[in-house]
Amino acid sequence: MTLSLVGIVSAFVFANAMVGILTTTTNETASLENVEVREYEGQDLSSINDFRENSIEGPQHIDLEYYKLTVTGLVKNEIEYTYDDIISNYQIFNKVVTLHCVEGWSATILWDGILVEDLLEEAEVNPKATIVIFHAYDGYSTSLPLDYIIDNNIIIAYKMNKVTLPPERGFPFQLVAESKWGYKWIKWITEIELSDNEDYRGYWESRGYPNDADL
Ligand SMILES: Nc1nc2c(c(=O)[nH]1)N[C@H]1C(S)=C(S)[C@@H](COP(=O)(O)O)O[C@H]1N2
Ligand SMILES: [Mo]
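What this report covers is the structure whose coordinates are included nearby. (Residues numbered from 1 in each chain as written. Chains lettered and ligands numbered in written order. Predicted model: local features only at pLDDT ≥ 70, side-chain atom pairs only at ≥ 80, totals over all residues. Heavy atoms only, no water.)

Some points on the site of ligand 1
Which entries qualify depends on this criterion: A single heavy atom is enough: if one lies within 4 Å of a molecule or strand, its residue is considered near that molecule or strand. Counting of polar contacts relies on pairs of N or O atoms within 3.5 Å, with two restrictions inside protein: one atom must be capable of donating a hydrogen and the other of accepting it, and residues adjacent in sequence are counted only when both atoms are side-chain atoms. Reported accessibility uses the Shrake-Rupley method at a 1.4 Å probe radius. Residues are deemed covered only where the shown protein chains occlude them. Computed over the protein atoms alone on a 1 Å grid, cavities are sets of points where a 1.4 Å probe fits but cannot get out and pockets are open sets with protein on both sides within 12 Å along at least five of seven lines; a residue lines them when it has an atom within 4 Å of a point. Think of it this way: if more than half of a molecule's atoms are within 2 Å of a pocket's grid points, that molecule is in the pocket or cavity.
Taken together, 19 residues are adjacent to ligand 1, and Ile56, Asp138, Arg169, Trp185 and Lys187 come closest. In this structure, an oxygen atom belonging to ligand 1 sits 2.7 Å away from a side-chain N or O atom of Arg169. Within the backbone of Trp185, an N or O atom sits 2.9 Å from a nitrogen atom of ligand 1. Calculation on ligand 1 without its partners gives an accessible area of 520 Å², and the protein chains cover 98% of this total. One can see that ligand 1 is located within the largest pocket.

Pasting the structure below:
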């Protein structure tokens with residue numbers, strides 16, 4: 001009686017272990033094209049799981065069916081892009097850049113994305129524009145000089161370590177504002193507004209953080 005109970009229990013445990021192994025194998029096979037890269041050209045990368053979630057309204061879940069990225073303000077033609085318009089029609093660039101948050105943590109990531117400058121081309125920016133204001137789905141905003149965006153080949157990223165941005169990390173796009181504090185790295189971008197308003201202050205900037213945000 002005792003022996004057969006042990007037998008049943010161990011058979012049960014064994015079966016579960018088998019299921020466990022099979023499940024793991026299946027998951028790995030399914031996710032091959034979405035495996036996170038942790039080293040790039042000899043440089044160690046952080047994990048996409050090393051980030052802390054401290055967004056003003058928590059993680060946002062954007063449905064691509066309704067998603068639009070608009071280019072507005074001081075432009076000749078206002079533009080409305082779908083996610084596919086951007087991913088399929090523009091050149092993808094990658095770079096390894098470290099995000100530093102003022103709260104004292106940082107993460108070095110291989111980012112894949114599209115040049116903001118390329119997204120502006122079709123809109124034909126008015127020469128009066130000096131500032132780019134980015135708006136997000138959660139009501140967050142931040143701004144950067146147009147010169148900074150162009151001179152530094154600033155991208156909006158859609159992949160981190162070769163994995164599509166998860167919702168918590170800003171899907172579909174996060175700004176890779178290299179050499180600037182994390183609060184310039186706006187996630188869930190919905191609008192790129194060209195402006196000449198040098199006094200514009202974004203969410204954290206209007207709450208006392210420096211507008212230049214230089215590291
Ligand atoms: N839309 C939006 N973008 C945002 C924020 C936010 O609250 N909302 N927080 C910023 C801050 S303060 C930092 S440090 C980085 C952090 O990136 P992470 O949330 O992916 O770790 O996102 C930035 N982008
Ligand atoms: Mo931050």
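Considering the pairing of strand 3 (residues 69-73)
Basically, it comes down to this: Each residue gets one of three labels from its accessible area relative to the maximum for its type: buried under 20%, exposed over 50%, partly exposed in between, using a 1.4 Å probe on protein chains only. A run of DSSP states H or I qualifies as a helix once it reaches four residues; a run of E qualifies as a strand once it reaches two. Both are numbered from the N-terminal end. For two strands to pair, DSSP has to find at least two bridges joining them.
Most of strand 3 sits inside the fold, with 4 of its 5 residues counted as buried. Note that strand 3 and strand 4 (residues 79-81) share 3 bridges and pair antiparallel. When the bridges of strand 4 are listed, Thr70 appears paired with Glu80. In textbook terms, the turn of a hairpin is the stretch between consecutive antiparallel strands, and for strand 3 and strand 4 this stretch comprises 5 residues. Sheet analysis places strand 3 next to strand 12 (residues 189-195), joined by 4 bridges and oriented parallel. By the bridge assignment, Val71 is partnered in strand 12 with Ile192.

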